[in-house]
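What follows is the residue order along each chain.
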Amino acid sequence: MSENQETHQDKIIKLKRQFLEEIASERDSYHDDDIERINLDDWNVERYLLHCKDDVNTALVMLRESMKWRKSYGVNDLKETDFPREYYTSGSFFSYAPDKKGNEMVYIRGKLHRKIAEWSELKKKFFVFKINQLDRRNGGRRYAAFWDCEGAGLCNVDMDVLSFMLSTVSQYFPYGLEYVLIVDLPLVLTTLYNLAKRWVPEYYQRLAIIINRDKVTDHIDRNNLPQYLGGVCKMDEKYPPPGVVSAQEIEKRNDMPPGSADKLETYLKQYCLSPNS
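Residues numbered from 1 in each chain as written. Predicted model: local features only at pLDDT ≥ 70, side-chain atom pairs only at ≥ 80, totals over all residues. Heavy atoms only, no water.

Visitor: Explain the environment of Cys 233 residue by residue, including any values.
Guide: One can find Cys 233 in the loop between strand S5 (208-211) and helix H10 (247-253). Residues Cys 233 and Arg 222 lie 11 residues apart in sequence; the distance between their C-alpha atoms is 7.3 Å. The residues contacting Cys 233, other than those within four sequence positions of it, are Tyr 96, Arg 222, Asn 223, Asn 224, Leu 225 and Gln 227. (Helix = DSSP H or I, 4+ residues; strand = E, 2+ residues; numbered from the N terminus. Contact = heavy atoms within 4.5 Å.)

Encoded structure:
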């Protein structure tokens with residue numbers, strides 16, 4: 001069968017076979033859990049093929065680099081207790097009940113974010129941890145993001161972290177995200193939004209849906225909305241998982257610069273525990 005006659009399914013099989021053959025000589029560069037998922041579910045191969053528009057050679061490179069990154073970044077080894085309690089109790093980034101189509105939602109509250117240099121790398125790892133959780137829990141698809149921009153301004157933007165988030169989703173979790181609701185985008189952030197769109201392929205640009213707050217229930221039932229958005233869901237988005245420790249403990253454990261935890265605690269009290277948050 002010529003290359004032009006290959007079906008999409010043929011290409012999935014070919015990509016999977018070539019990848020497994022290629023990594024045999026450098027297995028230590030890959031995590032066993034990732035190889036197992038590729039063996040068990042073709043979607044973990046197909047999603048890269050879709051991203052690369054059915055080009056097997058390009059998809060092979062992307063799949064290989066993605067799996068190597070997962071191993072080197074320690075994605076499968078990240079756990080809830082690697083992160084301070086304050087990351088959870090801030091309510092700034094959390095997964096929640098599904099939308100009307102059954103997609104599990106992850107919420108990002110823009111106004112609750114501030115750049116704290118000492119915590120930037122751990123913040124990136126927290127994002128990877130949460131997205132990987134979502135991705136695995138939902139079989140590599142059927143999850144969506146709610147980016148709440150109400151009250152956000154330039155002081156809430158960390159371009160380095162934003163770039164990392166966008167590239168992580170598009171390069172290492174392709175075709176997992178169903179859409180992104182961008183809610184109450186202020187005029188001051190419109191230029192940054194248009195810039196950020198250029199950092200991802202066209203397919204991901206089309207996933208963005210810009211709406212006002214009064215249209216949220218077109219996508220998510222009130223029974224599944226957090227109470228801060230006028231919903232009636234009883235899930236507590238700020239409840240910390242068992243065993244997580246304070247920022248002070250994380251500072252000591254990770255040998256961070258003295259005072260790092262104080263900065264995070266000050267941010268939490270000022271922006272996340274105020275009556276207006």
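Visitor: Tell me about helix H4 (residues 56-73), and please be specific about residues and values.
Guide: For H4, which comprises 18 residues, the first-to-last C-alpha distance of 25 Å matches the rise-based estimate of 26 Å (1.5 Å per residue) to within 8%. Among all positions of H4, only Val 56, Ala 59, Leu 60, Met 62, Leu 63, Arg 64, Ser 66, Met 67, Trp 69, Arg 70 and Tyr 73 are buried. For H4, the elements touching its buried residues are helix H1 (8-23), helix H2 (32-40), helix H3 (43-51), helix H6 (120-137) and helix H7 (159-172). By the N-cap criterion, in which a side-chain oxygen at the helix start approaches the backbone nitrogen of a residue two or three places on, H4 is capped by Asp 55, the distance to Asn 57 being 3.1 Å. Within two residues after H4, Gly 74 carries a phi angle of roughly 75°, on the positive side. (Expected span 1.5 Å × (residues − 1). Buried < 20%, exposed > 50% of the residue type's maximum accessible area, 1.4 Å probe, protein only. Polar contact = N/O pair within 3.5 Å; in protein donor to acceptor, adjacent residues only side chain to side chain.)

Visitor: Residues and numbers for the pairing of strand S2 (residues 104-109), please.
Guide: A large share of S2 lies buried, amounting to 6 of its 6 residues. Residue alternation in S2 divides its side chains into two sets, Glu 104, Val 106 and Ile 108 and Met 105, Tyr 107 and Arg 109, and both sets are buried. The pairing of strand S1 (residues 93-98) with S2 spans 5 bridges and is classified as antiparallel. By the bridge assignment, Pro 98 is partnered in S2 with Glu 104. Hairpin geometry of S1 and S2 is characterised by an intervening segment of 5 residues between the two adjacent antiparallel strands and by a positive phi of about 90° at Gly 102. Sheet topology note: the S2/strand S3 (residues 143-148) ladder contains 6 bridges and is parallel. In the strand pairing of S3, Tyr 107 is matched with Phe 146. Read as a crossover between parallel neighbours, the route from S2 over H6 to S3 is right-handed. (Pairing = 2+ DSSP bridges. Right-handed = clockwise from strand over helix to strand, strands pointing away.)

Visitor: I'd like a rundown of the environment of Asp 34, residues and numbers included.
Guide: Looking at where Asp 34 falls in the secondary structure, it is placed in helix H2. Residue Asp 34 is classed as buried on the basis of its relative accessible area, which comes to 2%. In the structure, Asp 34 is positioned 22 residues away from Ile 12 in sequence and 17 Å away in space, judged by C-alpha atoms. In this view, Asp 34 contacts Met 67, Arg 70 and Asn 76; residues no more than four positions away in its chain are not counted.

Visitor: Give me the lowdown on the nonpolar core, citing residues and values where you can.
Guide: Of all hydrophobic cores here, the largest spans 47 residues; its most connected members are Phe 83 and Trp 119. Ranked by residue count, the leading element in this core is H6, at 7 residues. Other than its neighbours up to four places away in sequence, Trp 119 contacts Pro 84, Tyr 87, Ala 247, Ile 250, Met 256, Ser 260, Ala 261 and Leu 264. Counting 17 residues, the second largest nonpolar core, distinct from the first, contains Tyr 30, Tyr 48, Leu 60 and Leu 63. (Core = buried A, V, L, I, M, F, W, Y, C linked by side-chain atoms within 4.5 Å.)

Visitor: Describe the layout of surface pockets, with residues and values.
Guide: Here the largest pocket is characterised by a volume of approximately 310 Å³. Lining of the largest pocket is provided by 17 residues; of these, Ser 95, Lys 130, Asp 236, Glu 237 and Tyr 239 occupy positions nearest its centre. Residue assignment for the lining of the largest pocket shows that the elements contributing at least two residues are S1 and H6. Tallied by class, the residues present in the lining of the largest pocket amount to 10 nonpolar, 2 polar and 5 charged. (1 Å grid on protein atoms, 1.4 Å probe; cavity = no way out; pocket = protein on both sides within 12 Å on 5 of 7 lines; lining within 4 Å. Points joined across faces, edges and corners; volume = space filled by probe spheres on them. Nonpolar A, V, L, I, M, F, W, Y, C, P; charged D, E, K, R; others polar.)

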